[in-house]
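Reading the structure
This is what each chain is made of:
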Amino acid sequence: MKRIVSGIKPTGTLTLGNYLGAIKQFVKLQQKMTDCEFYLFVADLHAITVRQVPHELRKRILDIAAMYIACGLDKDRTVLYIQSEVMQNVELGYILQSNVYMGELERMTQFKDKTAKNETSITSSLFTYPALMAADIILYDADYVPVGDDQKQHLELTRTIANRFNNHYGDFFTVPEPLIPEVGARIMDLQNPEKKMSKSDSNEKGYITLFDDPATIKRKIKSAVTDSIGIVNYDPKNQRGLANLLTIYASITDRKIEDIVKQYEDSNYKQFKEDLGQAIVDVLQPIQEKYNAIVKSSELQEILNNGREIATNYAFKKMRKCKRKVGLGRK
Ligand code: ATP
Ligand code: LTN
């Protein structure tokens, strides 16, 4: 049976970018690939690579776990767990640090972007992050890893690390393949369509969170940056903001961009934005209701306990063999 693995960091409130680039894809894949196992986790160890407030972090961990289910993942077909609750993730992460080079880590765009934003307190774990991410994936012999476009480079490095390990110690880890959606892999900031929509951004007007109420969603879409051309057309070069809104529209409604463009050919941005705002509300409202019903439930705790157990079982056996391959310990 093929295995799909992916994770989300509890660094801020989940955005529409996380939903369209990642969670919605997980749900679609789960519906399509009925012969696959799904290992999905909350990447809390990755979150602390930048400073977090402990009680907020703990709350967001459960928020993300609940959101996975609220967005439509089937709890009976998902091994849902918290990264820090399976200690083998860290163990393999450390071993993989010895199988990745400084030069490779220095080339990572996410590291470069994050250090450019905050130059004074860059932790060493932010730098070695891709080794832990590779461990998150190859520890479970993932065949596929669904992620947004920004994670492509980390996935390539994961493949390099897995191949390097296999070449050196003999075939051991499955080399994973990324799955990046055709539409929605890179949702841009509503106020600055040159940069990706990010949950750790300071300008709230630039992103829609999965918790925003209908009025806020509509207001943010209404004030999204467009252009003075005034014609609904998909032209990412000259109408970047609008192209992003069209992408969001297509992705959230599962429609084709060209069909949406056609629908608004005799219309204006005002009508287009109103309809888009409503389309987002229509999708997020039921998700929020489900989230509210599950986040404090004992059911969620059971799902996470169960997930921890299954993930630990796999990870424990894999790590025992891995350490033997590397020559660690006594036998
Ligand atoms: P941060 O902004 O704190 O770095 P993030 O949202 O980029 O956080 P994660 O929460 O770990 O990082 O991302 C979870 C998943 O969501 C990943 O697969 C990532 O590729 C995807 N994702 C994040 N932002 C976007 C976006 N703007 N468009 C599409 N996919 C996205
Ligand atoms: N690095 C990713 C989050 C992440 C992840 C993973 C995604 C951590 N471990 C394993 C897929 C598989 C990010 O910053 N968005």
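These figures come from a predicted structure and were not determined experimentally.

**Side note on the site of ligand 2**
What surrounds ligand 2 is a group of 13 residues, the closest being Lys9, Tyr129, Met133, Asp136 and Gln151. Here an oxygen atom of ligand 2 sits 3.4 Å away from a polar atom, N or O, in the side chain of Gln110. Asp136 places a side-chain nitrogen or oxygen 2.7 Å from a nitrogen atom of ligand 2. Protein coverage of the free-state accessible area of ligand 2, which is 370 Å², stands at 93%. Counting only elements with at least two residues in the shell around ligand 2, the list comes to strand E1 (2–8) and helix H7 (124–138).

**Describing the environment of Glu309**
Relative to the helices and strands, Glu309 is located in helix H13 (residues 298–326). Given the relative accessible area of 53%, Glu309 is considered exposed. Note: C-alpha distance between Glu309 and Lys195 (114 residues apart in sequence) is 39 Å.

**Some thoughts on the packing of helix H10 (residues 240–253) against helix H12 (residues 269–294)**
Where H10 contacts H12, the two axes come as close as 10 Å, and the packing angle between them is 40°. The two elements H10 and H12 meet at a crossing, and its hand is left-handed. Residue-level inspection shows Leu242, Leu245, Leu246, Ile248, Tyr249, Ile252 and Thr253 of H10 in contact with H12, the latter providing Tyr269, Phe272, Lys273, Asp275, Leu276, Ala279, Ile280 and Val283. In terms of residue class, the contact of H10 with H12 is made up of 12 nonpolar, 1 polar and 2 charged.

**Here we look at unusual backbone geometry**
Non-glycine residue Asp141 carries a positive phi angle of around 50°. Along the chain, Asp141 turns up in the loop between H7 and strand E4 (144–146). When its relative accessible area of 10% is taken as the criterion, Asp141 is described as buried. Positive phi is not limited to glycine here, since Asp254 has a value of about 55°.

**A word on the nonpolar core**
By size, the foremost hydrophobic cluster in this structure holds 60 residues, and its most contacted members are Leu16, Tyr19, Tyr68, Ile248, Phe272 and Ile280. Here the element with the most residues in this core is H12; it accounts for 10 residues. The residues touching Ile280, leaving out its near neighbours within four places in the chain, are Leu16, Ile208, Ile217, Ile221, Ile248 and Ile252. Counting residues in each nonpolar core, the second largest holds 39 residues, with Ala43, Tyr81, Val86 and Val145 among its members.

**Looking at the packing of aromatic side chains**
The description of an aromatic ring pair rests on the distance of the ring centres and on the angle between the ring planes. Within this structure, the stated rule accounts for 15 aromatic pairs. On the numbers, 4.5 Å between centres and 40° between planes, the contact of Phe165 with Tyr169 is tilted. Taken together, the residues span about one helical turn, with Phe165 and Tyr169 both in helix H8 (residues 152–169) at a distance of 4 residues. By relative accessible area, which is 25% here, Tyr169 ends up partly exposed. Note on Phe211 and Tyr291: the rings are 4.9 Å apart at their centroids and 75° apart in plane angle, and the pair reads as edge-to-face. Pair noted here: Phe211 is in the loop between strand E5 (177–179) and helix H9 (214–222) and Tyr291 is in helix H12, with a separation of 80 residues, a long-range link. Residue Phe211 is classed as partly exposed on the basis of its relative accessible area, which comes to 29%. Above the face of the Phe172 ring, Lys318 is positioned so that its terminal group lies 4.0 Å from the ring centre.

**A few points about the site of ligand 1**
Close to ligand 1 lie 21 residues; Asp150, Lys196, Ser198, Lys199 and Ser200 are nearest. Lys9 places a side-chain nitrogen or oxygen 3.0 Å from an oxygen atom of ligand 1. A distance of 2.8 Å separates an oxygen atom of ligand 1 from a polar atom in the side chain of Asn18. At 4 residues, the largest contribution of residues to the shell around ligand 1 is made by helix H1 (residues 16–32). When grouped by side-chain class, the residues that make up the shell around ligand 1 number 6 nonpolar, 9 polar and 6 charged.

**Section: a positive patch on the surface**
Together, Lys317, Arg320, Lys321, Arg324, Arg330 and Lys331 give the surface a local cluster of positive charge. Within the element layout of this structure, Arg330 appears in the segment after H13. Judged by its relative accessible area of 87%, Arg330 falls in the exposed class.

Conventions we followed
Residues numbered from 1 in each chain as written. Chains lettered and ligands numbered in written order. Predicted model: local features only at pLDDT ≥ 70, side-chain atom pairs only at ≥ 80, totals over all residues. Heavy atoms only, no water. Near = heavy atom within 4 Å. Polar contact = N/O pair within 3.5 Å; in protein donor to acceptor, adjacent residues only side chain to side chain. Areas by Shrake-Rupley, 256 points an atom, 1.4 Å probe, with all protein chains shown as cover. Helix = DSSP H or I, 4+ residues; strand = E, 2+ residues; numbered from the N terminus. Buried < 20%, exposed > 50% of the residue type's maximum accessible area, 1.4 Å probe, protein only. Axes fitted to C-alpha atoms, helices over the stretch in contact; angles between N-to-C directions. Left-handed = near helix turned anticlockwise from the far one by under 90°. Contact = heavy atoms within 4.5 Å. Nonpolar A, V, L, I, M, F, W, Y, C, P; charged D, E, K, R; others polar. Core = buried A, V, L, I, M, F, W, Y, C linked by side-chain atoms within 4.5 Å. Phe/Tyr/Trp six-rings, centres within 6.5 Å; stacked < 30°, edge-to-face > 60°. Lys NZ or Arg CZ within 6 Å of the ring centre and 35° of its normal. Patch = residues over 30% accessible without salt bridge, like charges linked within 9 Å, V, L, I, M, F, W, Y side chains within 5 Å. Salt bridge = Lys/Arg side-chain N within 4 Å of Asp/Glu carboxyl O. Lys, Arg positive; Asp, Glu negative; His and termini not counted. Charge placed at Lys NZ, Arg CZ, Asp CG, Glu CD.

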